[in-house]
Amino acid sequence: MSSNAPGSSDMAMLVATRTLEKYAKDYYPRRDQVAIAFRGDIAEQFNYDKIRPLSEARCHNHRMVVIEGISQKTGATGLYRIECNSWNLIEAVGLWDAAAGKAA
């Protein structure tokens, strides 16, 4: 890795910033009309569920973006980690355990 290349921590911060901006601009204002799918490599783990956003996004540790959402399959609410992918789409990437302050 060259000295000018961003490290993984820098990349995580850039992704978090891009995610916050994209979500605030295109997803949260239309939260009643959009559903966020899980990233392809983890969709099966969540039974191909989609999440309807309920809250504004929050950033934790400058690297993870979390929203409150409702499962379209179960109707349960929870905290979900989201990311903006390389196609500029928001994807759910997992659950967030607020009590432990970490990804689940």
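Thresholds, definitions, all that
Residues numbered from 1 in each chain as written. Predicted model: local features only at pLDDT ≥ 70, side-chain atom pairs only at ≥ 80, totals over all residues. Heavy atoms only, no water. Helix = DSSP H or I, 4+ residues; strand = E, 2+ residues; numbered from the N terminus. Buried < 20%, exposed > 50% of the residue type's maximum accessible area, 1.4 Å probe, protein only. Contact = heavy atoms within 4.5 Å. Areas by Shrake-Rupley, 256 points an atom, 1.4 Å probe, with all protein chains shown as cover. Salt bridge = Lys/Arg side-chain N within 4 Å of Asp/Glu carboxyl O.

The helix and strand inventory of the protein chain stands at one helix and seven strands. Buried residues in the protein chain amount to 35% of all 104 residues. Considering only intrachain contacts with a sequence separation of at least 6, the fraction spanning at least 24 residues in the protein chain is 39%. For the protein chain, the exposed surface amounts to about 6,500 Å²; the carbon and sulfur share of it is 49%.

Turning our attention to the pattern of salt bridges. Taken as a whole, this structure holds four salt bridges when the rule is applied. Where aspartate 26 meets lysine 22, a salt bridge forms, and the shortest distance between an N and an O atom there is 2.5 Å. Taken together, the positions of aspartate 26 and lysine 22, both in helix α1 (residues 8-27) and four residues apart, correspond to about one turn of that helix. Taking the relative accessible area as the measure of exposure, aspartate 26 reaches 22% and is therefore partly exposed. We note a salt bridge from aspartate 32 to arginine 52, for which the minimum N-O separation is 3.6 Å. In this pair, aspartate 32 is assigned in the loop between α1 and β1 (36-37) and arginine 52 in strand β2 (residues 50-53), connecting sequence segments 20 residues apart. With relative accessibility at 65%, the residue aspartate 32 sits in the exposed group.

The next subject is the environment of lysine 22. A relative accessible area of 16% places lysine 22 in the buried class. Not counting the four nearest positions on each side in its chain, lysine 22 is found in contact with Tyr27, Cys84, Asn88 and Ile90.

Let us look at unusual backbone geometry. Note: most residues except glycine have negative phi, and most peptide bonds are trans. Despite not being glycine, asparagine 47 has its phi angle at roughly 55 degrees, a positive value. By the secondary structure assignment, asparagine 47 is in the loop between β1 and β2. One non-glycine residue, histidine 62, adopts positive backbone phi at about 60 degrees. With respect to the element layout, histidine 62 can be found in the loop between β3 (58-60) and β4 (64-71).

Next up on the list: the environment of methionine 13. Note on placement: methionine 13 falls in helix α1. Residue classification places methionine 13 among the partly exposed positions, given a relative accessible area of 37%. Along the backbone, methionine 13 and arginine 63 are 50 residues apart, and their C-alpha atoms lie at a distance of 4.8 Å. In this view, methionine 13 contacts His62 and Arg63; residues no more than four positions away in its chain are not counted.

Geometry only, nothing functional implied.
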